[in-house]
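Per-entry structural report
The primary structure of each chain is shown beneath.
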Amino acid sequence: MIIRPFEALACPIDGSALQRNERSWQCGAGHSFDIARQGYINLLPVQNKRSKDPGDNKEMVAARQRFLNSGFYQPIAEAVGNAVFHETGSSESSLSCLDAGCGEGYYMRYLAEKAPETATLSLIGLDISKWAVLSAAKQDKTPAWVVGSNANLPVLPETLDRILCLFGFPVYQEFARVLRPGGEIVQVDAGSDHLIELRSIIYPELKEARKQPEIAPNGYTTVETSSVRYSLTLPDKGAIADLLAMTPHLYRASAEGLSRAAEIESLNVTVDATIKRIRKI
């Protein structure tokens, strides 16, 4: 297999093509973006930030790294890999793939490790959190790691074959702009029973899970839907705390609910996720 960084980057200010020039990327209009010492590039202009330091903070990224590197979500990673490589070895042995909301890069590293021998992959991981991208770049130098926003992807039009959107926030119109015709979103969403045992502890009552729309977004068609469901043992307080830190429940739960979770020595939880392949028409 051949793994290389994705290079069809676009200037986040004017949308034109970026070209690498030693330690920076520059567009024809003269906008220049330095490559950090760790190898990533920040393509999130100050005017596009909603806060000074958006996205996951350093502690949340560290928690995510510990949890995912422990293998707790490996079945989900395997399902994502199967969805990405469903046709590789025939007409799609060369793929360009973006992880939109890559976190510290766990799923992108898994793709690179499990890619078929015939595959040529151009990889880009993007996250709005500089701490997440910094962590990803430290662990794997091969993909292009970019600080950026899903709402304004610094990617040239129709240059991607796959977009991963894993427990994230899909921006279908923007994804359609950068996907080639026939390109696909691999989308993972929490099922109704996902982490239900933990949620039962931290919330006084459980709200009905938000149902995912069955109809594909405009301009797409859903070609496959599958599910991953299994029981997971969180062996100690550290694993429980790390899982909470990488979910929205850390902010949604009350102080009392988080205190109840902190008292638990170990916990069996249900992992329930839906994986969709959504193809651009």
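Further up the page is the structure itself.
Residues numbered from 1 in each chain as written. Predicted model: local features only at pLDDT ≥ 70, side-chain atom pairs only at ≥ 80, totals over all residues. Heavy atoms only, no water.

Where burial is concerned, most of strand E9 (residues 160-166) is hidden: seven out of the seven residues are buried. For strand E6 (residues 94-100) and E9, the ladder comprises three bridges, and the chain directions are parallel. The residue bridging aspartate 99 from the neighbouring strand is leucine 164, located in E9. The pairing of E9 with strand E10 (residues 179-190) spans six bridges and is classified as parallel. When the sheet's bridge partners are listed, leucine 164 is paired in E10 with valine 186. (Buried < 20%, exposed > 50% of the residue type's maximum accessible area, 1.4 Å probe, protein only. Helix = DSSP H or I, 4+ residues; strand = E, 2+ residues; numbered from the N terminus. Pairing = 2+ DSSP bridges.)

Below, the discussion takes up the packing of helix H1 (residues 58-69) against helix H7 (residues 237-245). Look at H1 against H7: their axes get within 8 Å of each other, and the N-to-C directions meet at 120°. With respect to H7, the element H1 is oriented oblique. Seen along the crossing, H1 lies across H7 with a hand that is left-handed. Side by side, H1 and H7 meet where Met60, Ala63, Arg66 and Phe67 of the first sit next to Ala239, Asp242, Leu243 and Ala245 of the second. (Axes fitted to C-alpha atoms, helices over the stretch in contact; angles between N-to-C directions. Parallel < 35°, antiparallel > 145°, perpendicular 65-115°, else oblique. Left-handed = near helix turned anticlockwise from the far one by under 90°. Contact = heavy atoms within 4.5 Å.)

Below, the discussion takes up unusual backbone geometry. In the Ramachandran plot, glutamate 22 falls in the positive-phi region, its phi being about 55° despite a non-glycine side chain. Considering the arrangement of structural elements, one finds glutamate 22 in the loop between strand E2 (19-21) and strand E3 (24-26). Glutamate 22 sits in the exposed class, given a relative accessible area of 67%. One non-glycine residue with positive phi stands out, namely phenylalanine 167, at about 55°. Mapped onto the secondary structure, phenylalanine 167 falls in the loop between E9 and helix H5 (172-178).

Further remarks concern helix H4 (residues 130-139). When we look at burial in H4, the residues that qualify are Ala132, Val133, Leu134, Ser135, Ala136 and Ala137. Against the buried residues of H4 lie H1, strand E7 (120-127) and strand E8 (144-147). In this structure serine 129 caps H4, since a side-chain oxygen of it lies 3.3 Å from the backbone nitrogen of tryptophan 131. (Polar contact = N/O pair within 3.5 Å; in protein donor to acceptor, adjacent residues only side chain to side chain.)

With that settled, the discussion passes to the packing of aromatic side chains. For any pair of aromatic rings, the description rests on two quantities: the centre-to-centre distance and the angle between the ring planes. According to the stated counting rule, one finds five aromatic pairs in the structure shown. Ring geometry for phenylalanine 67 and tyrosine 73: centres 5.2 Å apart, planes at 85°, overall edge-to-face. On the accessibility criterion, phenylalanine 67 (1% relative accessible area) is buried. Ring geometry for tyrosine 172 against tyrosine 220: centres 5.8 Å apart, planes inclined by 65°, an arrangement best described as edge-to-face. Of this pair, tyrosine 172 sits in helix H5 while tyrosine 220 sits in strand E11 (residues 220-234), and the two are 48 residues apart along the sequence. An aromatic cluster of three or more residues is present, and its members are Phe67, Phe72, Tyr73 and Phe167. (Phe/Tyr/Trp six-rings, centres within 6.5 Å; stacked < 30°, edge-to-face > 60°.)

A contiguous patch of positive charge, built from Arg37, Lys52, Lys58, Lys130, Lys138 and Lys141, is present on the exposed surface. You can see arginine 37 is positioned in the loop between strand E4 (32-34) and strand E5 (41-42). The class for arginine 37 is exposed, based on a relative accessible area of 74%. (Patch = residues over 30% accessible without salt bridge, like charges linked within 9 Å, V, L, I, M, F, W, Y side chains within 5 Å. Areas by Shrake-Rupley, 256 points an atom, 1.4 Å probe, with all protein chains shown as cover. Salt bridge = Lys/Arg side-chain N within 4 Å of Asp/Glu carboxyl O. Lys, Arg positive; Asp, Glu negative; His and termini not counted. Charge placed at Lys NZ, Arg CZ, Asp CG, Glu CD.)

To continue, consider the sheet that holds E3. Two modes of strand pairing occur in sheets, parallel and antiparallel, and in both the strands are linked by backbone hydrogen bonds. Taking strand neighbours across the sheet as the criterion, the three strands line up as E2-E3-E4 in an open arrangement whose pairing is antiparallel. Unpaired on one side and paired on the other, E2 and E4 mark the two borders of the sheet. The mean angle between the axes of side-by-side strands here comes to 30°, regardless of whether they run parallel or antiparallel. Both E3 and E4 contribute to a ladder of three bridges, which runs antiparallel. Across the sheet, the residue bridging to tryptophan 25 is phenylalanine 33, located in E4.

This paragraph deals with the environment of histidine 86. For histidine 86, the position within the fold is in the loop between helix H2 (74-84) and E6. Linking histidine 86 and serine 122, residues 36 residues apart in sequence, is a C-alpha distance of 17 Å. A polar side-chain atom of histidine 86 sits 3.2 Å from a polar atom in the side chain of arginine 277.

For the rest of this paragraph, the subject is the side chain of threonine 270. Mapped onto the fold, threonine 270 is located in strand E12 (residues 267-280). A distance of 2.7 Å separates the side chain of threonine 270 from the side chain of glutamate 197, its partner in a polar contact. Among residues more than four places away in sequence, those in contact with threonine 270 are Asp193, His194, Leu195, Ile196, Glu197, Arg229 and Tyr230.

Counting 58 residues, the largest nonpolar core has Phe67, Tyr73, Ile76, Leu198 and Leu232 as the members making the most contacts within it. Residues in contact with tyrosine 73, not counting those within four places in the same chain, are Phe67, Leu68, Tyr106, Tyr107, Phe167, His194, Leu195, Tyr230, Leu232, Leu243, Met246 and Val271. Judged by nonpolar contacts, the second largest core, of 31 residues, contains Cys11, Leu98, Val178 and Tyr220. (Core = buried A, V, L, I, M, F, W, Y, C linked by side-chain atoms within 4.5 Å.)

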